[in-house]
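# Close look at the chain arrangement
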There are 2 protein chains.
Amino acid sequence: MTKELKNKKSWGEQMRRGLEFKKKARIILVDDNYEHLSGIKELIEIESDFDVVATATSASVAISLIKKYRPEIVLMDINMPEKDGLTAIAEIEKLDLGVRTIALTGYDDPDLIFRAMKIGAKGYILKTMASAQLIYAIDEVANGKIYLPATLSSRFFEYFQKSFKEETQVISDEENLLNYLTQREEEVLDLLTQGITYKGVAQKLFISETTVKTHVNNIFQKLQVNDRTQAVLYALNNGFLNRRKVKIAI
Amino acid sequence: MTKELKNKKSWGEQMRRGLEFKKKARIILVDDNYEHLSGIKELIEIESDFDVVATATSASVAISLIKKYRPEIVLMDINMPEKDGLTAIAEIEKLDLGVRTIALTGYDDPDLIFRAMKIGAKGYILKTMASAQLIYAIDEVANGKIYLPATLSSRFFEYFQKSFKEETQVISDEENLLNYLTQREEEVLDLLTQGITYKGVAQKLFISETTVKTHVNNIFQKLQVNDRTQAVLYALNNGFLNRRKVKIAI
DNA sequence: CTGTTTCTAGACCATATGGCCTAGATTGCC
DNA sequence: GGCAATCTAGGCCATATGGTCTAGAAACAG
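The rules behind these values
Residues numbered from 1 in each chain as written. Chains lettered and ligands numbered in written order. Predicted model: local features only at pLDDT ≥ 70, side-chain atom pairs only at ≥ 80, totals over all residues. Heavy atoms only, no water. Buried < 20%, exposed > 50% of the residue type's maximum accessible area, 1.4 Å probe, protein only. Helix = DSSP H or I, 4+ residues; strand = E, 2+ residues; numbered from the N terminus. Polar contact = N/O pair within 3.5 Å; in protein donor to acceptor, adjacent residues only side chain to side chain. Phe/Tyr/Trp six-rings, centres within 6.5 Å; stacked < 30°, edge-to-face > 60°. Near = heavy atom within 4 Å. Nonpolar A, V, L, I, M, F, W, Y, C, P; charged D, E, K, R; others polar. Axes fitted to C-alpha atoms, helices over the stretch in contact; angles between N-to-C directions. Parallel < 35°, antiparallel > 145°, perpendicular 65-115°, else oblique. Contact = heavy atoms within 4.5 Å. Pairing = 2+ DSSP bridges. Salt bridge = Lys/Arg side-chain N within 4 Å of Asp/Glu carboxyl O. Core = buried A, V, L, I, M, F, W, Y, C linked by side-chain atoms within 4.5 Å.

Another aspect to go through is helix H5 (residues 110-119) of chain A. Residue and element names in this part refer to chain A. Within H5, eight of the ten residues are buried, which leaves the element mostly enclosed by the surrounding structure. Two to three positions downstream of the cap, the backbone nitrogen of Asp111 sits 3.1 Å from a side-chain oxygen, assigning the N-cap of H5 to Asp109. Backbone geometry just downstream of H5 places Gly120 in the positive-phi region, at approximately 120°.

Right, let's get into the packing of aromatic side chains. Residue and element names in this part refer to chain A. All told, the structure shown has 21 aromatic pairs over all chains when counted by the stated rule. Summarising the aromatic geometry, the rings of Phe114 and Tyr159 are spaced 5.2 Å apart at their centres and angled 50° between planes, so their arrangement reads as tilted. Of this pair, Phe114 sits in helix H5 while Tyr159 is found in helix H7 (residues 150-171), placing the two residues 45 residues apart along the sequence. Among the residues examined, Phe114 registers a relative accessible area of 5% and is labelled buried.

The environment of DNA strand D is formed by 19 residues, the closest being Thr182, Arg184 and Ser208 of chain A together with Tyr198 and Lys213 of chain B. Backbone atoms, meaning sugar and phosphate, form 68% of the atoms of DNA strand D found within 4 Å of the protein. Contacts to DNA strand D include Thr211 of chain A, whose side-chain N or O atom sits 3.0 Å from a phosphate oxygen. Sorting the residues of the surface near DNA strand D by element identifies helix H8 (183-192) and helix H10 (209-223) of chain A together with helix H9 (198-205) and helix H10 (209-223) of chain B as the ones contributing at least two each. Looking at the surface near DNA strand D element by element, the count peaks at five residues for H10 of chain A. The residue inventory of the surface near DNA strand D, partitioned by class, reads three nonpolar, ten polar and six charged.

A packed helix pair is summarised by two numbers, namely the angle formed by the two axes and the spacing between the axes. All names here are of chain A. It is at 11 Å that the axes of helix H2 (residues 34-47) and helix H6 (residues 131-142) come closest, and there the two elements cross at 75°. Taken together, the axes of H2 and H6 are roughly perpendicular relative to one another. Touching Ile40, Leu43, Ile44 and Glu47 of H2 are Ser131, Leu134, Ile135 and Ile138, all from H6. For the contact of H2 with H6, a count of residues per class yields six nonpolar, one polar and one charged.

Our next topic: the sheet that holds strand E5 (residues 123-126) of chain A. Residue and element names in this part refer to chain A. If you walk across this open sheet you meet the five strands as E2-E1-E3-E4-E5, and the pairing is parallel. Bordering the open sheet on either side are strand E2 (51-56) and E5, each of which pairs with just one other strand. Across the sheet, the axes of successive neighbouring strands diverge by a mean angle of 20°, strand direction being ignored. In this sheet, strand E3 (residues 73-77) lies alongside strand E1 (residues 26-30) in parallel orientation, the contact comprising four bridges. Looking at E3, one finds that Leu29 is bridged to Leu75. Contacts from helix H4 (residues 85-95) reach E3 and strand E4 (100-105) within the one sheet, and its direction differs from that of E3 by about 160°.

We now examine the sheet that holds strand E1 (residues 26-30) of chain B. Residue and element names in this part refer to chain B. Spatially, the five strands line up as an open sheet ordered E2-E1-E3-E4-E5, and their pairing is parallel. The sheet is open, and its two edges are formed by strand E2 (51-56) and strand E5 (123-126), each paired on a single side. Strand-to-strand twist across the sheet, computed as the mean angle between neighbouring axes with direction ignored, equals 20°. Looking at chain direction, strand E3 (residues 73-77) and strand E4 (residues 100-105) are connected through five bridges and run parallel. Pairing of Met76 across the sheet is with Ala103, part of E4. Relative to E3, helix H6 (residues 131-142) is tilted by about 135°, and along the sheet it contacts E1, E3, E4 and E5.

A separate point is unusual backbone geometry. Residues and elements named next belong to chain A. Positive phi outside glycine occurs at Asp96, with the angle close to 60°. By secondary structure assignment, the location of Asp96 is in the loop between H4 and E4. Residue Phe206 is not a glycine yet carries a positive backbone phi of 55°. Following the sequence through the fold, Phe206 ends up in the loop between helix H9 (198-205) and H10. Judged by relative accessible area, Phe206 falls into the exposed class, the value being 76%.

Residues and elements named next belong to chain A. Considering all chains together, one arrives at 21 salt bridges over all chains under this definition. A salt bridge links Arg26 to Glu72; the nearest nitrogen and oxygen atoms lie 3.5 Å apart. Of this pair, Arg26 sits in strand E1 while Glu72 sits in the loop between helix H3 (59-69) and E3, placing them 46 residues apart in sequence. By relative accessible area, which is 23% here, Arg26 ends up partly exposed. Take Glu72: its relative accessible area is 25%, and that puts it in the partly exposed class. Taking the shortest distance from any N to any O, the salt bridge between Lys145 and Glu140 comes out at 4.0 Å. Classification of Lys145 as partly exposed rests on a relative accessible area of 32%. With relative accessibility at 6%, the residue Glu140 sits in the buried group. One continuous salt-bridge network, built from bridges that share partners, spans Asp31, Asp77 and Lys127.

Quick look at the protein's contact with DNA strand C now. Residues in contact with DNA strand C amount to 19 residues; listed here are only the nearest, Tyr198 and Arg228 of chain A together with Thr182, Arg184 and Ser208 of chain B. Lys199 of chain A places a side-chain nitrogen or oxygen 3.4 Å from a phosphate oxygen of DNA strand C. Where the surface near DNA strand C is concerned, the elements lending two or more residues are H9 and H10 of chain A together with helix H8 (183-192) and H10 of chain B. Considering each element in turn, the surface near DNA strand C owes the most residues, five residues, to H10 of chain B. For the surface near DNA strand C, the residue count by class is three nonpolar, ten polar and six charged.

Turning our attention to the nonpolar core. Grouped together as the largest cluster of nonpolar side chains are 108 residues, with contacts concentrated most on Tyr124 and Phe156 of chain A together with Tyr124 and Phe156 of chain B. Leaving out residues up to four positions away in the same chain, Phe156 of chain B has contacts with Phe156, Phe157 and Phe160 of chain A together with Ile113, Phe114, Met117 and Leu148 of chain B. In terms of nonpolar packing, the next biggest core, distinct from the first, is built from 46 residues, Val216, Ile219, Phe220 and Val225 of chain A among them.

Structure (structure tokens):
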């Protein structure tokens, strides 16, 4: 572990050496613990050439400071009372000022990591990690990259894959009644899931309305439902369409 | 870049040295290009102490070999004709044999990376990456971790955040017509999104059917739709319910 | 107190939807 | 050839749904 971090530190230094021509990234630190705050501030000022333009001990103060200073980077402690860090990050992202936020916390809880990355954090660092790791992360994020240490990255992906697996189990079920539909029935159902009436379906498919009704009735029987709405719901809940879209809760 | 890789190489070696008491991980290689296949095989046999138990030049052959040999690791080229690598990975995951698959490809297309990780790949390596990187990745994955090189990881997260941002924009929109519904109307719509008829809604809410109709008509006007199905679709597409669920397309 | 909103409920009517049947044309398989 | 599946289409009928009105009761804000 220590060797690993020393390696990372040397990388970071290499990176920074190569970037000296660029302007120093301006940073705002947010941590409700004042001790930590000044500790990190000192660390950054000594170990790097970044510019800590402001610090805040609460999320709301932080946000007004961000509006005022427009820093490149915000280092945000996630574990804060009052307004929590995740919400704060979400708000900052919503402002759309191009500010890049790095989450800072003591826990490597995969759920926290997942949520932070989801709402737009550009990095996630543990307080227990060596200072070099922090500097390196800021470096990467300041250069437009998104940085998650390998250990956390691994945990993130485990969580990501697990939550996705639970989803697909439902979809990939062999008992999916949608598989029994004929091609034409699928086409009809497709149009139904767009909220189109029978008349509309008939026009789109160049068939008579009664034919549509026949197809629809067959669909009902195959899907074991009683009406259009239920058929559409069955289709949507069992991955008929919209497999493209992404919907994840915060 | 070269220095970076040299560092990674040394890490890998350290890791392996510390793991000599463990049994050698058994690997199956899959690549439709025979030249690549033997090249990688040689590389692994010389540069590591992993055991390449079999190779395949097609996904279907690979899958039967996997069933036979039950390797710890599968190194899968994604760009193959016939059955493509992603589908193959999905099938391997479905078998649920505990086999851990690493995707191998020439492209760092974020969509490819995203899809690979989503279906359960435990790693993703570019062919252009140095051999040490490959060995290190296998090491990590063999040790139960999920490994994505920092560069690819960054691209993955950009894609991840972007696709998620597009989703939330729709939901967090202030123009969301659902916000204009009264509480009672929401209750009615809630029941409609479960495929319940007016009669059923009336019974559930202990009101008359005509009252339900009144509410429904008001809902239609507020949501600017013409029928039940469209109202349900509007509700589902605009985050009325089911904000919990995760739906991601392959 | 008065106006507004919400929830309730009815009347009336038109049309869309759903249930159940028959049946011809086409295609592909045994 | 003959059977099965699919797509097509119509008839007939019952009911669910949608459109438009009116209207009373309760809650609430100004």
